[in-house]
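One-letter residues, chain by chain:
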Amino acid sequence: MKQLDVKEQARAFTGKDNWTTIDDPEAGLPSIRMSDGPNGLRIEKASGLGFPESHPATLYPTASLTACSFDRNLQYELGKHLARECMENNVQVLLGPGVNHKRSPLCGRSFEYYSEDPYLSGQLGAAYVNGVQDQGVGVSVKHFAANSREYGRMVQDSIVDERALMEIYLSQFEMIVTSSHPWTMMAAYNRLNGKYCCEHKELLDLARKWGFDGLFVSDWGAVPDPASSLAAGLNLEMPGGNHGSDEKILEGLDNGTVTEAMLEANTEALRTLVDRVSHPQVSNELQDRLAFAQTAAEQSAVLLKNEQILPLANTDSIALIGPFARTPRIQGTGSSKVNAKEADTIYDAMKEARMIFSYAPGFTLSPETVDFSLEEQALSLAEHCSKVVVIAGLPEGDEAEGYDRQTLSLPENQNHLIQRLAQVNRNLIVVLQCGAPVELPWINDAKAVLCMYLSGARGGQATVNLLTGSVNPSGKLAETWPMKLEDTPCHATFHNDLLQVQYRESIYTGYRYYEKANVKPLFPFGFGLSYTTFAYSNLTIDTSSDQPIVTATITNTGSLPGKEIVQCYVGKKDSRIASVVKQLKGFEKVELNPGESTTVAFRLDDRSFAYFDVNIHDWQIEAGVYQILIGSSSNDMRLEGELFRNGTLSPYSRIPLQYVQEACTTHGFTQMAFEKVLGHPIPEAEVRRPFTVNTSIQELQTTGLGRLIKKGIDLFRSFVEMPGVTEGMVMEVPIRMALMGSDRVTWKTIDAIADLFNGKASIFKVLRTIKK
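This is a predicted model, so every value here is computed, not measured. (Residues numbered from 1 in each chain as written. Predicted model: local features only at pLDDT ≥ 70, side-chain atom pairs only at ≥ 80, totals over all residues. Heavy atoms only, no water.)

*Asks:* I'm lost on the overall build of the protein in this one. Help?
*Replies:* In terms of regular secondary structure, the protein is built from 23 helices and 26 strands. Relative to the compact-globule value of 28 Å for 772 residues, the protein shows a C-alpha radius of gyration of 26 Å, a close match. Across its three principal directions, the C-alpha atoms of the protein cover 75 × 65 × 55 Å. Considering the protein as a whole, with its 772 residues, one finds that 62% of them fall into the buried category. In the protein, the proportion of contacts linking residues at least 24 apart, taken out of those at least 6 apart, comes to 76%. In the protein, 72 side chains carry a positive charge and 93 a negative one; their mean positions are 2 Å apart. (Helix = DSSP H or I, 4+ residues; strand = E, 2+ residues; numbered from the N terminus. Rg over C-alpha atoms; globule rule 2.2 N^0.38 Å. Buried < 20%, exposed > 50% of the residue type's maximum accessible area, 1.4 Å probe, protein only. Contact = heavy atoms within 4.5 Å. Lys, Arg positive; Asp, Glu negative; His and termini not counted. Charge placed at Lys NZ, Arg CZ, Asp CG, Glu CD.)

Take a look at the structure:
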């Protein structure tokens, strides 16, 4: 193979265009094509700003739903189906899965992520990766790391203490690396403890220490400086184009920031990816994919409440209420939005099943409007039917990449209607279509609630099968549903600053927080009902080896076949350091006929008992007695045992014990306590001077020129379509994102713009840098 010279190696750092790498077959580097996304391919029909329309593809349920399956095999099959569609479309790398920790249900991209529990996210993510890569297609595990909100995602600094970072925000990535060896990992937009993830050498080196031998790719437009990013270990800047990144790298070579060894290693990382991916063309029938999409939705949906009203009977007359019954919410918005080849509806599925039902919209999808005429029509229909099924949910614009929700509320017109319907017909069933938890002020008025999250192309048929009992619900929540927004662990710090987000709750996040703070959720982590019942018995704990084996017997004690998700937690009551009540360390999904029993087994390795010791920067086991808890959800323990583990007699944690309860009652540590947890003062979050290429449009509003440019952007947006892009998203982007706006803009242009704002350059210098 031809050897690349340093100029060619520098050029190889940047992709060829928006979705492909450079093409140099003589050097063993044929172009690699990448595509969004985690729950279906999004191959853009044409390049453009925002999220342009994509070619039709199969739409699968989002991760927020499939995580509730607690089913590794289902994730593997999902990966397999996605890989085959990639091969049909000449895509070599699929940009997923997203495994970021669900820190708050407000996160606009929460629907793309699995769970608030890193063990569950890691296990499911690893299975997904294996499913894709076993077919010869690569993945890109994202977003590395601590990228837990959309607000300010491109400029924010995530301030996370070391223990929380290792135990909560990185352990799922580590699990996927060590067990599935992903071929690429995507570095996130944000800064982490002061450094942009794309140039965070310690972060990227940590993944290499775990055994990551793949390629680090940037999120699209996330590179703050090509030379510094390459020097830190990033291998590929995307999107591509001839924007002068190679010139920046060659400058780095001249000044010592970059070495020839770094360039060579970088090229080899790209060659390794090329060698790994295969390019066969395969055939996979659309109907097979749609059938799997339906199965995935059916096996993941969560029955949250059922007062002996479900399953529906053939003789029931149903009042079907809500426009989502005919125009369903089945996916989120942003880079993961799929142009679905086919998508069904609940209305059509009920018609096909010849159910006895009548339909009324009841409300509009404009959340500010209560249409009383539509309400009255729905109320009249409900009065004359035996049961009411309301399809409620969040409008599409509420959940999207690029911005977060401001509230956990459903639109008021939906809440208003549901409460009125309960007054005229007590047999009220609510089906929820949303990507993340919502408040349910009418929960006591509904006899049943079925959560479908965002259920993909066959969510309609799946919903009907679950309501009628053709399929027995078996999903369990992969995240806690709070009573109200004020109960969430990071409520005080989630949205309070554009440039900085302080993770003051530390390790007390998700169910770890609710249990430690003794805050009752609406529905706990791991919760979900079935149309049958299960008994737990015969707990055994075998400690004859280094890895204890825990077994339990599960019996279907009901009258219907069903599946149960058995959960294994580990806790320590008498810990001498700051700790949580318990943590998920194993789960198994079992299928049983009425009266049938089976034995489930969990092998607990050292990490099942370990905490991260920031004194030695490594994992440590505290010596003592540990609780082994087997249950049906995080707050429903059916069996309990104990075992002793050897370990350190002098455990160390920087989290002061005397501050733990305070942190759990005030939504995070106080500034003084958090600085003790961090081990250093909290950095100042203020508008940065001088301006740099990483300065946001929002920060530039402190200048007259910045305000003038904002007016120019507004004018530009009035003429140029930017699908999925809001004004808030525009204000939060850094100057360097102008690289994505035109092939004529280079890094020289971006540097000149920064100089312009600092009074070191004229507008004419900026114009001279723009390519003709």
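Next comes the rest of the write-up.
*Asks:* Just to check I follow, could you spell out a nonpolar patch on the surface for this structure?
*Replies:* Taken together, the side chains of Ile763, Phe764 and Leu767 make up a nonpolar region of the molecular surface, amounting to roughly 320 Å² of accessible area. Relative to the helices and strands, Leu767 is located in helix H23 (residues 763–768). (Patch = residues over 30% accessible without salt bridge, like charges linked within 9 Å, V, L, I, M, F, W, Y side chains within 5 Å. Areas by Shrake-Rupley, 256 points an atom, 1.4 Å probe, with all protein chains shown as cover. Salt bridge = Lys/Arg side-chain N within 4 Å of Asp/Glu carboxyl O.)

*Asks:* Explanation requested: the nonpolar core in the structure shown.
*Replies:* As a rule of thumb, soluble globular proteins bury nonpolar side chains together. One finds Phe144, Leu304, Ile321, Leu432, Leu440 and Trp481 to be the most contacted residues of the largest nonpolar core, which totals 213 residues. Every residue in contact with Leu432, bar those within four places of it in the chain, is listed here: Leu304, Ala392, Leu410, Leu440, Trp442, Val449, Leu450, Cys451, Met452, Tyr453 and Trp481. Within the second largest apolar cluster, 21 residues are counted, among which are Phe534, Val550, Phe602 and Leu604. (Core = buried A, V, L, I, M, F, W, Y, C linked by side-chain atoms within 4.5 Å.)

*Asks:* Would you mind showing me how to read the sheet that holds strand E25 (residues 624–633) here?
*Replies:* The strands that make up a sheet are held in pairs by hydrogen bonds between backbone atoms, and each pair lies either parallel or antiparallel. Taking strand neighbours across the sheet as the criterion, the four strands line up as E21-E20-E25-E26 in an open arrangement whose pairing is antiparallel. Edge positions in the sheet fall to strand E21 (583–592) and strand E26 (636–645), since each of these pairs with one other strand and no more. Adjacent strand axes in the sheet meet at a mean angle of 20° when their direction is disregarded. (Pairing = 2+ DSSP bridges. Axes fitted to C-alpha atoms, helices over the stretch in contact; angles between N-to-C directions.)

*Asks:* Looking at this structure, I do not really get the packing of helix H4 (residues 118–133) against helix H6 (residues 171–180). What am I missing?
*Replies:* A pair of packed helices can be characterised by two numbers: the angle between their axes and the separation between those axes. Two elements in contact, H4 and H6, have axes separated by 8 Å at closest approach and are oriented at 35°. For the crossing formed where H4 meets H6, the hand is right-handed. Residue-level contacts link Pro118, Tyr119, Ser121, Gly122, Gln123, Gly125, Ala126, Val129, Asn130 and Gln133 of H4 to Ser171, Gln172, Met175, Ile176, Ser179 and Ser180 of H6. Looking at side-chain class alone, the contact of H4 with H6 contains six nonpolar, ten polar and no charged residues. (Left-handed = near helix turned anticlockwise from the far one by under 90°. Nonpolar A, V, L, I, M, F, W, Y, C, P; charged D, E, K, R; others polar.)

*Asks:* Help me understand the packing of aromatic side chains, please; the structure alone is not making it clear to me.
*Replies:* Two aromatic rings are characterised by how far apart their centres lie and by the angle between their planes. Applying the stated criterion to the full structure yields 21 aromatic pairs. An angle of 80° between the planes, with centres 5.1 Å apart, marks the rings of Tyr169 and Tyr503 as edge-to-face. One end of the pair, Tyr169, is in helix H5 (residues 162–169); the other, Tyr503, is in the loop between strand E17 (500–502) and helix H16 (511–517), and 334 residues separate them in sequence. The same class applies to Tyr169 and to Tyr503, which are both buried. An aromatic cluster is built from Phe70, Tyr119, Tyr511, Phe525, Tyr569 and Phe587, whose rings are joined through pairwise contacts. Here the basic side chain of Arg326 rests over the ring of Tyr359, its NZ or CZ set 5.4 Å away from the ring centre. (Phe/Tyr/Trp six-rings, centres within 6.5 Å; stacked < 30°, edge-to-face > 60°. Lys NZ or Arg CZ within 6 Å of the ring centre and 35° of its normal.)

*Asks:* I keep staring at the sheet that holds strand E18 (residues 534–542) and nothing clicks. Help me out?
*Replies:* One open sheet holds the three strands; their spatial order is E18-E19-E22, and the pairing between them is antiparallel. This sheet does not close on itself; its edge strands, each paired only once, are E18 and strand E22 (597–603). Between one strand axis and the next, the sheet turns by 20° as a mean value, whatever way the strands run. As paired elements, E18 and strand E19 (residues 549–556) share seven bridges and run antiparallel to each other. Opposite Tyr536, over in E19, you have Ile554 as the bridge partner.

*Asks:* Before we go on, may I ask you to explain H5 in this structure?
*Replies:* Note on helix geometry: an α-helix contains 3.6 residues per turn, so any two residues three or four positions apart are oriented the same way. With seven of eight residues buried, H5 is to be regarded as a mostly interior element. Listed as buried for H5 are Arg163, Ala164, Leu165, Met166, Glu167, Ile168 and Tyr169.

*Asks:* Please clarify how the environment of Ser530 should be interpreted in this entry.
*Replies:* Position of Ser530 among the secondary structure elements: in the loop between H16 and E18. Placed 31 residues apart in sequence, Ser530 and Pro561 show a C-alpha to C-alpha distance of 9.9 Å. Excluding residues that lie within four positions of it along the chain, Ser530 makes contacts with Asn472 and Pro473. There is a polar contact of 3.1 Å between the side chain of Ser530 and the side chain of Asn472. At a separation of 3.1 Å, a polar atom in the side chain of Ser530 contacts the main-chain amide nitrogen of Thr532. (Polar contact = N/O pair within 3.5 Å; in protein donor to acceptor, adjacent residues only side chain to side chain.)

*Asks:* In this structure, what is going on with the packing of helix H3 (residues 72–88) against helix H11 (residues 286–300)? I would like to understand it.
*Replies:* It is the contact of H3 with H11, at a shortest axis distance of 11 Å, that shows an interaxial angle of 155°. Judged by the inter-axis angle, H3 sits roughly antiparallel to H11. Considering only the axes of H3 and H11, their crossing is left-handed. Between H3, through Leu74, Glu77, Leu78, His81, Arg84, Glu85 and Glu88, and H11, the contact on the second element is made entirely by Asp288, Arg289, Phe292, Thr295, Ala296 and Gln299. Of the residues in the contact of H3 with H11, the class split is four nonpolar, three polar and six charged. (Parallel < 35°, antiparallel > 145°, perpendicular 65-115°, else oblique.)

*Asks:* What is the right way to read the pairing of strand E4 (residues 138–144) from this model?
*Replies:* Counting buried residues in E4 gives seven out of seven residues, a clear majority hidden from the surface. The sheet contact formed by strand E3 (residues 93–94) and E4 spans two bridges and is parallel. Opposite Leu94, over in E4, you have Val139 as the bridge partner. Taken together, E3, H4 and E4 constitute a β-α-β crossover, and its handedness is right-handed. Strand direction decides the pairing type here: E4 and strand E6 (residues 184–187), joined by three bridges, are parallel. Residue pairing in the sheet places Ser140 in a bridge with Thr184 of E6. (Right-handed = clockwise from strand over helix to strand, strands pointing away.)

*Asks:* Would you take a moment to explain the pairing of strand E24 (residues 618–621) for this structure?
*Replies:* By the bridge criterion, four bridges tie strand E23 (residues 610–613) to E24 in an arrangement that is antiparallel. Paired with Phe612 across the strands is Trp619, a residue of E24. Between E23 and E24, which pair antiparallel one after the other, the connecting turn spans four residues, and His617 there sits at a positive phi close to 55°.

*Asks:* Would you explain the pattern of salt bridges in this entry?
*Replies:* Two side chains carrying opposite charge are able to pair once their charged atoms lie near each other. According to the stated counting rule, one finds 37 salt bridges in the structure shown. In this structure, the salt-bridge partner of Arg163 is Glu167, at a minimum N-O distance of 2.8 Å. Placement of the pair is Arg163 and Glu167 together in helix H5, with a separation of four residues, close to one helical turn. A relative accessible area of 5% means that Arg163 is categorised as buried. Taking the relative accessible area as the measure of exposure, Glu167 reaches 9% and is therefore buried. The shortest N-O distance in the salt bridge between Arg576 and Glu622 comes to 3.5 Å. Residue Arg576 is located in the loop between strand E20 (562–571) and E21, and its partner Glu622 is located in the loop between E24 and E25; the two are separated by 46 residues in the primary sequence. Glu622 sits in the buried class, given a relative accessible area of 2%.

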